[in-house]
Amino acid sequence: MLDFLRKFSSGKRLKGLEAVVEEINKLEPEIQKVTDEELEGRSRLLKERVQKGETLEDLLPEAFALAREAAKRTLGQRPFDVQLMAGIILHNRGIAEMVTGEGKTLAAVAPAYLNSLSGKGAHVVTVNEYLARRDAVWMGQIYHALGMSVGCLVPNAAYVYDPTHTSEAEASL
């Protein structure tokens, strides 16, 4: 994806993205040391900072670093730098084209999380009901670790992610 970005982005814009990712990466060693409870606590602090007037752009590096760490802890998947770049583009209301297998679903988590800090919520739209339900559960683990709730709206139904839920089939085992 980095080659694609280089072809279609101005060099200045790409350097700007790389600089933000560098800020995010500098926070990683510190954030790796926090407990799960502290991870959620830092998320609450970010919400408070937004309420006190800080901008989402001010909080972007820390929010993305927290989302990256939550993804590592819950899914065992560490978003790559290019996925963070795609997330920054999405946050800035741009379009980030990624091919199958490049991690679009994971790339969308950090900007959705960042934008939810305002208290207004955030919506992630996907192409079909199966993906909406799958991703609400799959990525819901990350949002839950950050103290966020997840809902899933599909035609004729709505769901709330509940990490304690077990299916009837699992419960009978």
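Structural data are supplied above this passage.
Residues numbered from 1 in each chain as written. Predicted model: local features only at pLDDT ≥ 70, side-chain atom pairs only at ≥ 80, totals over all residues. Heavy atoms only, no water.

1. Side note on empty space enclosed by the protein
Over the atoms a probe the size of a water molecule is rolled, and this reveals where empty space is left.
Here is step 1 of the chain: In total, this model carries 2 cavities of 30 Å³ or more according to the counting rule given.
Here is step 2 of the chain: Reported here for the largest cavity is a volume of approximately 70 Å³.
Here is step 3 of the chain: Lining of the largest cavity is provided by F64, A67, R68, A71, P79, Q83, L84, L106, A107, V109 and A110.
Here is step 4 of the chain: Those elements that place two or more of their residues in the lining of the largest cavity are α4 (56-75), α5 (81-91), α6 (104-107) and α7 (109-116).
Here is step 5 of the chain: Considering each element in turn, the lining of the largest cavity owes the most residues, 4 residues, to α4.
Here is step 6 of the chain: Looking at the lining of the largest cavity residue by residue, the classes come out as 9 nonpolar, 1 polar and 1 charged.
Here is step 7 of the chain: Space inside the second largest cavity adds up to approximately 30 Å³.
Here is step 8 of the chain: Around the second largest cavity sit L27, E28, I31, A65, R68 and E69, which together line it. (1 Å grid on protein atoms, 1.4 Å probe; cavity = no way out; pocket = protein on both sides within 12 Å on 5 of 7 lines; lining within 4 Å. Points joined across faces, edges and corners; volume = space filled by probe spheres on them. Helix = DSSP H or I, 4+ residues; strand = E, 2+ residues; numbered from the N terminus. Nonpolar A, V, L, I, M, F, W, Y, C, P; charged D, E, K, R; others polar.)

2. A look at α7
Here is step 1 of the chain: Burial within α7 is extensive, with 7 of its 8 residues counted as buried.
Here is step 2 of the chain: Those residues of α7 not exposed but buried are V109, A110, P111, A112, Y113, L114 and S116. (Buried < 20%, exposed > 50% of the residue type's maximum accessible area, 1.4 Å probe, protein only.)

3. Some words on the pattern of salt bridges
Here is step 1 of the chain: Inspection of the entire model under this criterion finds 15 salt bridges.
Here is step 2 of the chain: Of the charged contacts in the structure, one is a salt bridge between R68 and D81, with a shortest N-O distance of 3.0 Å. Here D81 lies in helix α5 and R68 lies in helix α4, a separation of 13 residues in the sequence.
Here is step 3 of the chain: Judged by its relative accessible area of 2%, R68 is buried.
Here is step 4 of the chain: K72 serves as the salt-bridge partner of E69, at 3.1 Å between the closest nitrogen and oxygen. One end of the pair is E69 and the other is K72, both in helix α4 and 3 residues apart, which spans about a single turn.
Here is step 5 of the chain: Here the salt bridges do not stand alone but share partners, grouping E28, D36, R68, E69, K72, R73, R78 and D81 into one network. (Salt bridge = Lys/Arg side-chain N within 4 Å of Asp/Glu carboxyl O.)

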